[in-house]
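# Fold and contact review
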Amino acid sequence: GCALGDEDDPLPGPPLGRVLLLRGLANVFSTGMDELEERLRAAGYDATVHNHLDWRDEAEETLARARAGQVPRPFAVIGHSLGADDGIRLAARVGQAAQIADLLVTFDPVLVGTVPPGPAFVRNYYQTTGVWGRGLAAEPGFNGVLENRPVSGDNHFTIDKDPELHRQVFALLEQQRTRLGLPAPRQRRPAT
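Per chain, the residues get numbers from 1 upward, laid out in the order the sequence is written. Per-residue local features are limited, in this predicted model, to residues with pLDDT of at least 70; the limit for side-chain atom pairs, both in listing and counting, is 80 or more; totals at the level of whole chains, interfaces and linings are taken over all residues. Hydrogens are left out, water is left out, and the side-chain values use all remaining heavy atoms of the structure.

## Examining the pairing of strand S1 (residues 18–23)
Along any regular strand the residues' side chains alternate between the sheet's two faces. This is how the line gets drawn: Buried, partly exposed and exposed residues are distinguished by accessible area as a fraction of the type maximum, computed with a 1.4 Å probe on protein chains only: under 20%, between the cut-offs, and over 50%, respectively. Going along the chain from the N terminus, every DSSP run of H or I of four or more residues is numbered as a helix, and every run of E of two or more is numbered as a strand. By this definition, two strands are paired if DSSP reports at least two bridges between them.
Most of S1 sits out of view: six of its six residues are buried. Burial along S1 is two-sided: the face carrying Arg-18, Leu-20 and Leu-22 and the face carrying Val-19, Leu-21 and Arg-23 are both buried. As paired strands, S1 and strand S2 (residues 46–51) are joined by six bridges and run parallel to one another. Paired with Arg-18 across the bridge in S2 is Asp-46. Sheet analysis places S1 next to strand S3 (residues 75–80), joined by five bridges and oriented parallel.

## Quick word on the environment of Thr-158
Keep this limit in mind: Polar contacts, as counted here, are pairs of nitrogen or oxygen atoms within 3.5 Å of one another; within protein the pair requires one atom able to donate a hydrogen and one able to accept it, and residues that are adjacent in sequence qualify only if both atoms are side-chain atoms.
Turning to its location among the elements, Thr-158 is positioned in the loop between strand S8 (145–151) and helix H4 (163–179). Spatially, the C-alpha atom of Thr-158 lies 8.5 Å from that of Ser-30, the residues being 128 residues apart in sequence. In terms of polar contacts, Thr-158 uses its side chain to reach the side chain of Asp-154, at 3.2 Å.

## Section: the pattern of salt bridges
Close approach of charged atoms allows side chains of opposite charge to pair. Going by this rule: For salt bridges, the criterion is a side-chain nitrogen of Lys or Arg within 4 Å of an Asp or Glu carboxyl oxygen.
Counted under the stated rule, the structure contains twelve salt bridges. For the salt bridge of Arg-73 with Asp-102, the shortest nitrogen-to-oxygen distance reads 2.8 Å. Separated by 29 residues along the polypeptide, Arg-73 in the loop between helix H2 (55–67) and S3 and Asp-102 in strand S4 (residues 101–107) bring together distant segments of the chain. What makes Arg-73 partly exposed here is its relative accessible area of 29%. You can call Asp-102 buried: its relative accessible area is 1%. We note a salt bridge from Asp-160 to Lys-161, for which the minimum N-O separation is 3.1 Å. Of the residues examined, Lys-161 reaches a relative accessible area of 25% and is grouped as partly exposed. The network of salt bridges with shared partners includes Arg-18, Arg-41 and Asp-46.

Now the structure itself:
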């Protein structure tokens, strides 16, 4: 994993939150996660993008930081494709162990169809024209908010790059800051 502050572009001030982004298959198709990471960092979020296979390591690193009181809130997990599947697992693990999984955003999960207890707010974007898109269902004991949002006009390989969905992610992060009683970010979202 990446340590706080070791990115190429340091944050302009204290982080507005921590965002883990997970790419999908072969770590190459989900370039929208890289674009979103850059925009989140520019806006002041401690955002890092990872291979979906690293989800267990990222969960354990996040829990170690949480025990030390070093996870900026809101804590969010965003994933595309297999990264969405593993993002669900990561947010559930962190949420169940530390109650800090504020936001989970999935772009077209492929194999996982349910959300375990743990995340406080889940938004699932899925495309309706392909073989993979589907709504998610809550597992027993899930007591957060789960929203399924069908998306038309995108396919599995473009849904993670949709600028409108990226704008909605920023709005969701700001909603979580408000829910947690944190001040609104001073700077506005970067223009697209």
